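So the chains spell out like this:
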Amino acid sequence: MAETVLSFVLRQLSTFLREEGRVLGGLRQEVQFIMDELGHMRAFLREAEAKEEDAQPRLQEWIKQVRDAAYDTEDILDEFVARFARHRTTGFYGSVRRIFSSIKNLRARHRVASEIQSIKSRIESISEGHQRYQSEYCISAQATNSLSAMNNTTWRYSRDDALLVEEAKLVGIDQPKKHLTSQLLQGDDYQLKVVSVVGMGGLGKTTLVKKVHEDPEVRRHFPVRAWVTVSQTCDFQYLLKDLIRQLHKEGKKPVPQSIESLNITELKEFVKNFLQQAGRYAIVFDDVWDVEFWNTIKFALPESSHGNRVMLTTRKADVAFTSCTESLGYIHRMEPLSFEDSWTLFCNKIFKGNSCPGHLMDVAKSILDKCEGLPLAIIAISGLLALKDINRTEEWEMVRRSLGGELEGTGKLDRVKRILSLSYNDLPWHLKTCLLYTSIFPEDYEIQCYRLINLWIAERFIEWREGMSIEDVAWGYLGELVNRSLIQVTKVFYEGIPHKCRIHDLLREVILLKSGEQNIVTVTTGQPTTWPSEKVRRLVVHSSRSNNTQHHQQRRSYCFDHLRSFVTFESISPLLSKMLLSEVLGSNKLLKVLDLGGQETREEIPNEIFKMFHLKHLDLWGTRVERVSKAIGKLQHLEYLNLADTRVRELPMEILKLQKLRVLRVYEQVDSSDDDYGFHGFKAPSNMGVLLALEILDNIDASSGSTVVKEIGKLTQLRELGITKLRREDGKELCSSLANLSSLHRLNIESIEEGDDDHEIIDLNHHHPSSSSSSSFLQSLHLLILCGRLEKMPQWVAHLHGLVRIDLNWSRLRGEEDPLESLQHLPNLSRISFCGSYQGEGLCFKAGGFLNLKKLHLKRMEGLRWMRVEEGALPRLHVLILDLLPLLEELPLGIQHLSHLQGLYLYEMSSEMMEKVENQKEESEDYTRIARIPEIVIGCYTDDGEWRERQLWGKKKKKT
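For every chain, the first residue of the written sequence is number 1, and numbering continues from 1 onward in sequence order. Local features are withheld for residues below a pLDDT of 70 in this predicted model, meaning they are given only at 70 or higher, and side-chain atom pairs are given and counted only at 80 or more; totals for whole chains, interfaces and linings count all residues. Processing note: side-chain calculations cover all non-hydrogen atoms of the structure and skip hydrogens and water entirely.

**Focus: the overall build of the chain**
Now for step 1: Helix and strand definitions follow DSSP, with helices as H or I runs of at least four residues and strands as E runs of at least two, each counted in order from the N terminus. A count of helices and strands for the chain gives 29 helices and 29 strands.
Now for step 2: Any two residues having at least one pair of non-hydrogen atoms within 4.5 Å are treated as being in contact. Relative to all contacts within the chain whose residues are 6 or more apart in sequence, the contacts with residues 24 or more apart total 66%.
Now for step 3: Summed over its atoms, the accessible surface of the chain is roughly 42,100 Å², and 47% of this surface lies on carbon and sulfur atoms. Only the protein chains shown count as cover for residues, and all accessible areas are computed by the Shrake-Rupley method using a 1.4 Å probe.

**Describing the confidence of the model for the chain**
Now for step 1: Overall, the predicted model of the chain reaches an average pLDDT of 81, with 82% of residues at or above 70.
Now for step 2: A score from 0 to 100, pLDDT tells how confident the predictor is in each residue. Predicted confidence for residues 100-104 stays below pLDDT 50, and this span has five contacts to residues more than four positions away or in other chains.
Now for step 3: Low pLDDT (under 50) marks residues 141-158, which in the prediction has 24 contacts with non-local residues, meaning those over four places away or in another chain.

**A few points about the pattern of salt bridges**
Now for step 1: By salt bridge we mean one thing: a side-chain nitrogen of Lys or Arg within 4 Å of a carboxyl oxygen of Asp or Glu. All told, the structure shown has 36 salt bridges when counted by the stated rule.
Now for step 2: In this structure, Arg 719 engages Glu 471 in a salt bridge whose closest nitrogen and oxygen atoms are separated by 4.0 Å. With Arg 719 in the loop between helix H26 (706-712) and strand E18 (720-724) and Glu 471 in helix H22 (residues 470-483), this pair connects stretches of sequence that are 248 residues apart. Residues Arg 719 and Glu 471 agree in their burial class; the two are buried.
Now for step 3: Connected through shared salt-bridge partners, Glu 372, Asp 444, Arg 502 and Asp 505 make up one network. Under the scheme applied here, a residue whose accessible area is under 20% of the maximum for its type counts as buried, over 50% as exposed, and between as partly exposed, the area being computed with a 1.4 Å probe on protein chains only.

**Thoughts on helix H23 (residues 505-517)**
Now for step 1: One less than the residue count of a helix, multiplied by 1.5 Å, gives the span that helix is expected to have. The end-to-end C-alpha separation of H23 is 19 Å, in line with the 18 Å expected for 13 residues at 1.5 Å each.
Now for step 2: Within H23, ten of the 13 residues are buried, which leaves it mostly tucked inside the rest of the structure.
Now for step 3: Buried within H23 we find Asp 505, Leu 506, Leu 507, Arg 508, Glu 509, Val 510, Ile 511, Leu 513, Lys 514 and Ser 515.
Now for step 4: The positive-phi residue at the C-terminal boundary of H23 is Asn 519, with phi of around 55 degrees.

**Section: the environment of Arg 865**
Now for step 1: Turning to its location among the elements, Arg 865 is positioned in the loop between strand E24 (855-859) and strand E25 (866-869).
Now for step 2: For the pair formed by Arg 865 and Glu 841, sequence separation is 24 residues and the distance between their alpha carbons is 5.2 Å.
Now for step 3: Once residues lying within four places of it in the same chain are set aside, the contact partners of Arg 865 are Glu 841, Leu 887, Leu 888 and Glu 889.

**Some words on the sheet that holds strand E5 (residues 330-333)**
Pairing between the strands of a sheet comes from backbone hydrogen bonds, and it takes one of two forms, parallel or antiparallel.
Now for step 1: Only strands joined by at least two bridges in the DSSP assignment are considered to pair. Spatial strand order, E2-E3-E4-E1-E5: five strands in an open sheet with parallel pairing. Two strands bound the open sheet, and with one partner strand each, they are strand E2 (224-229) and E5. Pairs of neighbouring strands in the sheet enclose a mean axial angle of 15 degrees, with direction left out of account.
Now for step 2: Here strand E1 (residues 193-198) pairs with E5 via four bridges, running parallel. Each residue of the ladder has a partner; that of Val 198, found in E5, is Arg 333.
Now for step 3: Taken strand by strand, helix H13 (residues 317-325) contacts E1, strand E3 (281-288), strand E4 (309-314) and E5, and its axis lies near 170 degrees from that of E1. An axis is simply a line fitted to the C-alpha atoms; with a helix, the fit covers only the stretch in contact. Between two such axes, the angle follows the N-to-C directions and lies from 0 to 180 degrees.

**Quick look at the environment of Ile 712**
Now for step 1: Within the secondary structure layout, Ile 712 lies in helix H26.
Now for step 2: Remark: the alpha-carbon pair of Ile 712 and Leu 697, spanning 15 residues in sequence, is separated by 9.3 Å.
Now for step 3: The contacts of Ile 712, once residues within four sequence positions are left out, are Ile 700, Leu 718, Leu 721, Ile 723, Ser 737 and Leu 741.

**Thoughts on the state of the cysteines**
Now for step 1: For the purposes of this analysis, a disulfide is any pair of cysteine sulfur atoms at a distance within 2.5 Å. Counted by the stated rule, this structure contains zero disulfides.
Now for step 2: Cys 449 takes part in no disulfide bond, and the closest cysteine sulfur to it belongs to Cys 501, at a distance of 3.8 Å.

**Quick look at the sheet that holds strand E6 (residues 447-448)**
Now for step 1: Strand order across the open sheet formed by three strands is E6-E8-E7, with antiparallel pairing between neighbours. With partners counted over all chains shown, the strands left at the sheet margins are E6 and strand E7 (488-494), one partner each.
Now for step 2: The sheet contact formed by E6 and strand E8 (residues 497-502) spans two bridges and is antiparallel. Following the sheet pairing, Ile 447 is matched in E8 by Cys 501.

**Structural notes on the packing of helix H15 (residues 361-371) against helix H17 (residues 393-401)**
Now for step 1: Where H15 meets H17, the closest approach of the two axes is 10 Å, and the angle between their N-to-C directions is 20 degrees. The orientation of H15 relative to H17 falls into the category roughly parallel. H17 is crossed by H15, and the crossing has left-handed handedness. Listed contacts from H17 to Val 363, Ala 364, Ser 366 and Ile 367 of H15 are Trp 396, Glu 397, Val 399 and Arg 400.
Now for step 2: Following the grouping adopted for this structure description, the nonpolar residues are Ala, Val, Leu, Ile, Met, Phe, Trp, Tyr, Cys and Pro, the charged ones are Asp, Glu, Lys and Arg, and the polar ones are all others, Gly among them. Here the residues of the contact of H15 with H17 sort into five nonpolar, one polar and two charged. Each angle receives one of four descriptions, namely roughly parallel if under 35 degrees, roughly antiparallel if over 145, roughly perpendicular if within 65 to 115, and oblique otherwise. Should the near helix be turned anticlockwise from the far one by less than a right angle, the crossing is left-handed, and should it be turned clockwise, the crossing is right-handed.

**Some details on the pairing of strand E29 (residues 947-953)**
Remember that side chains alternate between the two faces of the sheet whenever the strand is regular.
Now for step 1: Note: strand E28 (residues 935-941) against E29, six bridges, orientation antiparallel. Bridging from a neighbouring strand, Gly 939 pairs with Glu 949 of E29.
Now for step 2: In sequence, E28 turns back onto E29 through a hairpin of five residues, with Gly 945 there showing a positive phi of about 85 degrees.

**So, the side chain of Gln 636**
Now for step 1: Within the fold, Gln 636 resides in the loop between strand E13 (617-619) and strand E14 (640-644).
Now for step 2: Pairs of N or O atoms are called polar contacts if they sit within 3.5 Å, as long as, within protein, a hydrogen donor faces a hydrogen acceptor (for residues adjacent in sequence, only side-chain-to-side-chain pairs). Of the polar contacts made by the side chain of Gln 636, one reaches the backbone oxygen of Gly 633; its length is 2.6 Å.

**Some remarks on unusual backbone geometry**
Now for step 1: Note that the residue after Asp 698, namely Asn 699, is joined by a cis bond; omega there is 5 degrees.
Now for step 2: Inspection of the secondary structure assignment puts Asn 699 in strand E17 (residues 696-701).
Now for step 3: Positive phi outside glycine occurs at Arg 460, with the angle close to 65 degrees.
Now for step 4: Counting through the fold element by element, Arg 460 comes out in the loop between helix H21 (449-458) and H22.
Now for step 5: Of note in this structure, Phe 850 is not a glycine but carries a positive phi near 55 degrees.
Now for step 6: Looking at the element boundaries, Phe 850 is found in the loop between strand E23 (842-845) and E24.

**Topic: helix H11 (residues 264-278)**
Now for step 1: With 15 residues, H11 should reach 21 Å at 1.5 Å per residue; the first-to-last C-alpha distance of 21 Å fits that figure.
Now for step 2: Within H11, burial applies to Leu 267, Lys 268, Val 271, Phe 274 and Leu 275. Each buried residue of H11 lies within a common arc of 130 degrees when the element is viewed along its axis, so the set occupies one face. Exposed residues on H11 whose side chains face more than 90 degrees from its buried face are Thr 265 and Gln 277.
Now for step 3: Those residues of H11 that are buried are in contact with E2, helix H10 (236-250), E3 and helix H12 (291-297).
Now for step 4: Taken from the residues just after H11, Gly 279 is the one with a positive phi, measuring 105 degrees. By construction, the arc corresponds to the directions joining the helix axis to the C-beta atoms.

Laid out in structure tokens, this is it:
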């Protein structure tokens, strides 16, 4: 990981020298020397760190010295900038450019020079160690793949263990095995078919595929078979020779000696010729890590006319997708074991099939929860527990409390750590940094993707790319980690955009170990026993059941001088929060990230924050802050300001000095118990258009008039825009401004106010599709939310071909203005939510309409009496939610046409509707219409105001 830190710091040094090198004077050569020396060590570190676990303490200490020197170099340059920044700047290092030529504080400059010279001396000493360890540990900077290849060979044996597992000992494998076997045996006999099995390490992909491959029916159907283990760093020439040997062995033919002298191209041709003559074949490529492997091996696999099959296992979704794209492919996403199957496997291993003793039940389930259905982890942990005395509960409790420590050791859980670490080791350095940073989040925490990527950006983990916004690059990083099965998406905001995600508990333990070792993140609850004992760079505070603050004096000795980030999670005690923030702000000048989100007791922004010259990210969401000081203008480098769910209603004129501001969120829900009623926005200075770097503006109060609306048109970089209290007469000006926003992805327009029954009408019919600019008007828009009365749907909505989701709240369209008419042919529309948006008696979904819609939510339409779905409408609908529709007494006519419907949810519906759905009999017409729907759930409030949901039927029992 020191190599990762080094790469990160080298990028910062390179940028500094390129942009500000000339102002360093004679110091430039010293900084260049430091950078060059660190660069020479980087390749060596890549291997040295791979060997670190087995290394002697001297090598481990040397690696730590390199990491610390890299960090200290970064600190000195940041201090250099802050020390000489006396005036307003236009760029991050712009102040240095103007000030250094006339600097009078020679003592300060001498001090900077002295610190850089000191770093240079340290680097020279470390470099001597570099040369010594290269020789001592036989590590060559050029042979960067040798060690990883050795490790790969070691873990090939572990993978082979999975191939020897007896089927009788497996659980939860019957259904997926049956399904995959069917995929192999069925289908077109005239084209090669690829079946890819994808999922995170430890899920049992290899074991499952091996059982399918060895199935008697599969063996009879495919007389020519082979199994090839690929792994991370495969020798392609050796792999092809191994494949040839297996194919000849299957055919009971001698292996030709001539293959030893063939090159890769000749070997591929040899394989292809053999398979063309051999007949029907089935080949498994296990543990594929790279798309390029498939792009190379596919040319050795003839299609012929025999119905040939290939199976792949991989941790990467893009490998699975690519291998299946050009064939009649099928992708099987490996799922964790259910709790029932996990419990069976757990008990089989420990209690030999007997039941778990009652006194161990609670601790056993708690330990099993940690495994989250990962068979590898269940087997490893149960093997560890099998050695414990079942009569001593305290031994099991000790295992539960120390699972992280067990992963760190060399016992039975070491294999779990190593297999999970393979995916981490395969990452490029920038993704390693991003993954390790997820250790800031508490256990079992559902991570908001938007919060995560903006923290990555603030920490400078994201590299700028030509032609892309920094946020798009960050989303790409997240997508890559999801693709590699390292992050799991748990909720989608709309099609293609993750909303929430999480990390598997045991993978999180591995990440915590690696992050702690490298001083990437320091996590504490504020208790003396968990307080850090070294220089802290990123401090994260999690809530504690007993936020004891009586050791305040004891903590003063710890150093926050080099702190870059301070982040809190959940609500910690007011006294502890105030004390920690005071210590952090009082001793630190390099802080870049300050995230106090969710600290409900905080009512004002401390003045010390406005002295943080380097601050880039200030997040105060969910606090009780009511005002923003004029001193906000001092934060010249602020890029992210989040005041969502606060009481701030106005921003001072000084906000306009923040020329680097990229994200500005200021709003509060009108009704905290019901988000259907929109948000309060903020009143902005009249000339907001000067903040040209803004990409996100959410939510600006437009009640002051057309001047603010006109200014919005100057913010041409906007990607997200939220407007509240829009007046009807400003609709034309807003359409004019929107025409300038060619990058806008999300648009939220509200006119409603709290307690206002006659909501202001949203009038946006001032841009006509026939006009000359129609081809570009809002064509990048993915999400549209309109909250307030509409006389009719804007004409341009029907031409938003990129629109993925639309929400209409309180539109109250009249019966003759069918909201479906203008939306039904939008090609990418996948989600619709209507709340109080229609006053007609019926809705009809016509044949050929809404071809890609997957989720439909209809709510609070008091006049709706009937719904009809024509055959051929909504062919891909997965979820239908009918919510608070008091006059709707029948299920939608034609609901049986929704062949892909996975869930029907009926909330607060009429008693007649509920009775018909609950009391239907199998021979009834209603039952026939909905029998194929996998899950039906009804929900309502009880007489005492408690919400209840009940699943009528479905595969999984719904939680109340």
